[in-house]
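Examination of the molecular architecture
Now for the letters of each chain:
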Amino acid sequence: MSTNIDETRITRLIVSSFAQDFLADVELDVAVVGAGPAGLTAARLLAAEGHKVAVFERELHVGGGMWGGGMLFPRIVVQEEAKAIPEAVGVTFEDAGDGYYVADSVEAVSKCASVAIDAGARIWIGMAVEDVMIDEQQRVCGVVLNWGAVQQAQLHVDPLAIRAQVVIDATGHDCEVLRIIERKIVGARLETPTGRIVGERSMHAASAEATIAELTVEVYPGVIVTGMAANAVSGAPRMGPIFGGMFLSGQRAAQVAEQMLGQ
Ligand code: 48F
């Protein structure tokens with residue numbers, strides 16, 4: 001039987017399928033903000049444990065800063081102690097010796113996203129988190145969404161809200177969720193050396209990679225910080241295109257979220 005193609009049928013299918021899935025995600029266990037390597041890793045591991053997880057990504061594409069490898073050379077470097085995490089999603093590495101491994105960044109992004117989706121994480125693209133939702137104790141209990149395109153066009157459009165037991169800030173260098181919290185929640189104190197956002201320091205890959213997993217904590221009630229955002233918020237250095245820390249931090253974020261969900 002050949003399909004009788006009808007344009008309005010296609011419209012109905014797209015809108016109804018979107019509405020069904022979006023409504024299912026209005027109440028989440030975990031809302032991950034940002035679909036870079038750290039966010040995708042955390043989402044995959046939490047979904048694999050049966051938690052209801054959605055990732056909200058402002059751009060039309062997943063992968064964050066991993067696509068571009070180092071200065072647009074599409075390769076990432078991962079160190080020995082982290083390589084099992086991307087390998088678990090099927091990323092293949094060239095052994096460059098001395099504990100260094102090299103992978104194709106396009107393969108790494110594609111497989112991290114693909115396996116996260118297969119595990120049950122839903123990824124919403126083109127949706128930006130522009131605010132958080134708080135309860136009476138000022139604990140974060142959800143995210144406030146708008147279209148990325150609406151943000152870019154600076155249109156005045158009211159957003160929609162998603163409830164989540166745990167929010168993960170995986171927004172990279174800009175630690176955007178935490179900047180919103182610092183700006184908008186009166187008296188907000190973050191779990192950082194100063195209680196505020198310190199900001200990332202210049203590149204020192206060894207110390208940046210050493211600190212990132214331990215800086216992956218519940219940094220504000222209801223909010224875990226992961227990936228480059230974890231270093232940025234606490235004043236740790238950047239590391240450039242070595243990505244092991246992103247995977248280790250994403251894994252740590254999933255563990256912290258599990259503990260929070262179990263409480
Ligand atoms: O920047 P990104 O890849 O963060 P990451 O997972 O990884 C950092 C590395 O890529 C690299 C590095 C490695 O050595 O330093 O920079 O920590 O991904 C962050 C994602 O978050 C999205 C953004 O578009 C990107 O894809 N994002 C940022 N702000 C928002 C957001 C927001 N307000 N709402 C939704 N998505």
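Everything discussed here concerns the structure shown above.
So, here's what we can say about the structure. (Residues numbered from 1 in each chain as written. Predicted model: local features only at pLDDT ≥ 70, side-chain atom pairs only at ≥ 80, totals over all residues. Heavy atoms only, no water.)

1. So, the overall build of the chain
Across its full length, the chain holds 9 helices and 11 strands. Whereas a compact globule of 263 residues would reach a radius of gyration of roughly 18 Å, the chain reaches 19 Å, a difference of no more than 12%. A principal-axis box enclosing the C-alpha atoms of the chain has dimensions of 60 × 55 × 40 Å. By residue count, 49% of the 263 residues in the chain fall in the buried class. Across the chain, contacts joining residues at least 24 apart in sequence account for 66% of those joining residues at least 6 apart. For the chain, the accessible surface area stands at approximately 13,000 Å², while carbon and sulfur atoms represent 54% of it. When the 19 positive and 33 negative side-chain charges of the chain are each reduced to one mean point, those points stand 4 Å apart. (Helix = DSSP H or I, 4+ residues; strand = E, 2+ residues; numbered from the N terminus. Rg over C-alpha atoms; globule rule 2.2 N^0.38 Å. Buried < 20%, exposed > 50% of the residue type's maximum accessible area, 1.4 Å probe, protein only. Contact = heavy atoms within 4.5 Å. Areas by Shrake-Rupley, 256 points an atom, 1.4 Å probe, with all protein chains shown as cover. Lys, Arg positive; Asp, Glu negative; His and termini not counted. Charge placed at Lys NZ, Arg CZ, Asp CG, Glu CD.)

2. So, the pattern of salt bridges
Throughout the structure, instances matching the rule amount to 9 salt bridges. Between Glu 176 and Arg 58 there is a salt bridge, with its nearest N and O atoms 2.9 Å apart. One end of the pair, Glu 176, is in helix H6 (residues 176-184); the other, Arg 58, is in the loop between strand S2 (53-57) and strand S3 (75-79), and 118 residues separate them in sequence. Among the residues examined, Arg 58 registers a relative accessible area of 35% and is labelled partly exposed. We note a salt bridge from Glu 200 to Arg 238, for which the minimum N-O separation is 3.8 Å. Of the two residues, Glu 200 sits in the loop between H6 and helix H7 (205-211) while Arg 238 sits in the loop between helix H8 (228-234) and helix H9 (244-262), which places them 38 residues apart along the sequence. Look at Glu 200 and you get partly exposed, because its relative accessible area is 27%. (Salt bridge = Lys/Arg side-chain N within 4 Å of Asp/Glu carboxyl O.)

3. Here's the deal with the site of the ligand
Neighbouring the ligand are 28 residues, the closest being Glu 57, Gly 65, Val 129, Met 228 and Gly 240. Interatomic distance of 3.0 Å between a backbone N/O atom of Ala 38 and an oxygen atom of the ligand. The separation between an oxygen atom of the ligand and a polar main-chain atom of Gly 240 is 2.4 Å. If the ligand stood free it would expose 730 Å²; the protein chains cover 92% of that surface. (Near = heavy atom within 4 Å. Polar contact = N/O pair within 3.5 Å; in protein donor to acceptor, adjacent residues only side chain to side chain.)

4. Regarding the nonpolar core
Core analysis: the largest hydrophobic core is formed by 79 residues, its most contacted members being Phe 56, Val 143, Ile 168, Leu 178, Ile 181 and Val 223. Of the residues forming this core, the biggest block, 9 residues, is contributed by H9. Discounting chain neighbours no more than four positions away, the residues touching Leu 178 are Asp 169, Leu 190, Ile 197, Val 219, Val 223, Val 225 and Val 233. (Core = buried A, V, L, I, M, F, W, Y, C linked by side-chain atoms within 4.5 Å.)

Don't take any of this as a statement about function, it's just geometry.
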